[in-house]
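Notes for the structure review
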Amino acid sequence: MQAEDTARRRILVVEDDPLVSELVEDCLDEGGFDVQCVGRGSEARKVVETAPPDVAILDLGLPDGDGIALTTQLKGLVPHMGIIILSGRSAPVERIVGLEVGADDYLCKPFEPRELVARVRSLIRRIDALRGMAEAAVANAATPSPANQGGDPSCYQFEGYLLNLERVSLNSPEGETLHLSSTEFALLRAFVERPNRVLTRDQLMDIIHNNDMPAFDRSIDVQVARLRKKIEPDPKEPRFIKTIRNQGYIFAAPVSVGG
Ligand code: CA
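Since we're looking at a predicted model, the values are computed, not measured. (Residues numbered from 1 in each chain as written. Predicted model: local features only at pLDDT ≥ 70, side-chain atom pairs only at ≥ 80, totals over all residues. Heavy atoms only, no water.)

Observations regarding the overall build of the protein
Helix and strand content of the protein: 9 helices and 15 strands. The 259 residues of the protein split such that 45% are buried. When the accessible surface of the protein is totalled, it reaches about 12900 Å², and 49% of it is carbon and sulfur. (Helix = DSSP H or I, 4+ residues; strand = E, 2+ residues; numbered from the N terminus. Buried < 20%, exposed > 50% of the residue type's maximum accessible area, 1.4 Å probe, protein only. Areas by Shrake-Rupley, 256 points an atom, 1.4 Å probe, with all protein chains shown as cover.)

In structure tokens, the structure reads:
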């Protein structure tokens, strides 16, 4: 399955330590990926500008700058590219900052090569699912389709926001398109499909990752914090996504189906 799945998937590795770079390249190569390695952030930007990879794996300590800043820049260039930070810095604050600026995952050195390959596959599955939805939206737009046929709803509204699952888009009450990462979109979808229900972190993790991604601590909290910043009028006093102490989160806004 892996050869078919991943044969043409391109992974960019940004790592200045040749030993680590070689190890990462070898394990991804064995996993069936097309791997390109660079040692500097400036080279990474060039690659992403000219031929964006499916996933970039970034070291945090690079000779020409910080991997956190690079994450922001690369996400700005290609928002739907997956980013995994691979770092020797294991402090929770580093992980949280990395995820906050838009990395999809974070793995600490020393790492288990098979785990890295599993994380890359998991991320590519999530990206593909979003792409598939976007392509289906284009196909649907090309053929006139009768309004809601009673299947799965494709749009949800809450407090003036419109979440469109087919277009993979979120519009604000002012009509602006808000840019969400693949994980933020999946998380918001999980909430609006289950309003007014307490969801534990484990449940949310299962829903958004379909169980195929190893849990990493605090990731749900970080993703919730990022989503709140994008949709809550006051992220410090959330009205939509409320924290239920010792239990999890609840989506407290009334949700209606259809757009
Ligand atoms: Ca380094």
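Details of the coordination of the calcium ion
With distances of 2.2 to 2.4 Å, the protein atoms coordinating the calcium ion are D16 (OD), D59 (OD) and G61 (O). All donors of the calcium ion come from a single chain, and their spacing in sequence reads D-x42-D-x1-G. Taken together, the residues span a long stretch of sequence, with D16 in the loop between β1 (10–14) and α2 (18–30) and D59 in the loop between β3 (55–58) and β4 (61–62) at a distance of 43 residues. D16 gets classed as partly exposed once you look at its relative accessible area, which sits at 37%. Look at D59 and you get buried, because its relative accessible area is 7%. (Donors = N, O, S within 2.8 Å, 3.2 Å for Na, K, Ca; no water.)

Things to note about the side chain of R228
As for its position among the elements, R228 is in helix α9 (residues 219–231). Buried within the structure, R228 lacks any salt-bridge partner; its nearest side chain of opposite charge belongs to E232, at an N-O separation of 4.8 Å. Those residues in contact with R228, other than ones at most four positions away along the chain, are P235, P238, I241, K242, T243 and Y249. (Lys, Arg positive; Asp, Glu negative; His and termini not counted. Salt bridge = Lys/Arg side-chain N within 4 Å of Asp/Glu carboxyl O. Contact = heavy atoms within 4.5 Å.)

Things to note about α2
Helix length check: α2, at 13 residues, gives a terminal C-alpha distance of 18 Å against a target of 18 Å (1.5 Å per residue), a fit within 8%. Restricting attention to buried positions, one finds in α2 the residues V20, S21, V24, C27 and L28. The buried residues of α2 all sit within an arc of 140 degrees when viewed along its axis, so they share a single face. Along α2, the residues that are exposed and aim more than 90 degrees away from the buried face are P18, L19 and E30. Capping the start of α2, D17 holds a side-chain oxygen 2.9 Å from the backbone nitrogen of L19, two or three residues further along. A positive phi of about 95 degrees marks G32, the residue just after α2. (Expected span 1.5 Å × (residues − 1). Arc of directions from axis to C-beta. Polar contact = N/O pair within 3.5 Å; in protein donor to acceptor, adjacent residues only side chain to side chain.)

Topic: the packing of aromatic side chains
Considering all chains together, one arrives at 6 aromatic pairs under this definition. Here the aromatic rings of Y161 and F240 are separated by 5.8 Å at their centres, their planes lie at 80 degrees, and the arrangement is edge-to-face. Of this pair, Y161 sits in strand β9 (residues 161–164) while F240 sits in the loop between α9 and β13 (241–244); the two residues are 79 residues apart in sequence, bridging distant segments of the chain. Given the relative accessible area of 9%, Y161 is considered buried. For F240, a relative accessible area of 2% translates into the label buried. On the basis of an interplanar angle of 25 degrees and a centroid distance of 6.0 Å, the ring pair of F191 and F251 is categorised as stacked. Taken together, the residues span a long stretch of sequence, with F191 in helix α7 (residues 182–192) and F251 in strand β14 (residues 248–251) at a distance of 60 residues. Note on accessibility: F191 and F251 belong to one class, buried. (Phe/Tyr/Trp six-rings, centres within 6.5 Å; stacked < 30°, edge-to-face > 60°.)

Thoughts on the packing of α7 against α9
For the pair α7 and α9, interaxial distance at closest approach is 10 Å and the crossing angle is 85 degrees. What the angle tells us is that α7 and α9 run roughly perpendicular. On α9, the residues that touch T183, E184, L187, L188 and F191 of α7 are Q223, V224, R226, L227, K230 and I231. Looking at the contact of α7 with α9, its residues break down into 6 nonpolar, 2 polar and 3 charged. (Axes fitted to C-alpha atoms, helices over the stretch in contact; angles between N-to-C directions. Parallel < 35°, antiparallel > 145°, perpendicular 65-115°, else oblique. Nonpolar A, V, L, I, M, F, W, Y, C, P; charged D, E, K, R; others polar.)

Brief notes about the environment of F185
Mapped onto the elements of the fold, F185 is located in helix α7. A relative accessible area of 4% places F185 in the buried class. Expressed as a C-alpha distance, the spacing of F185 and I208, which sit 23 residues apart in the sequence, is 9.1 Å.

Regarding the pairing of strand β6 (residues 82–87)
With respect to burial, β6 is a largely interior element, 6 of its 6 residues being buried. Of the two faces of β6, the one carrying G82, I84 and L86 and the one carrying I83, I85 and S87 are both buried. Examined bridge by bridge, β3 and β6 share 4 bridges and lie parallel to one another. By the bridge assignment for β6, V55 is matched with G82. Relative to strand β7 (residues 105–108), β6 runs parallel, the two sharing 4 bridges. Across the sheet, residue L86 finds its bridge partner in β7, namely L107. (Pairing = 2+ DSSP bridges.)

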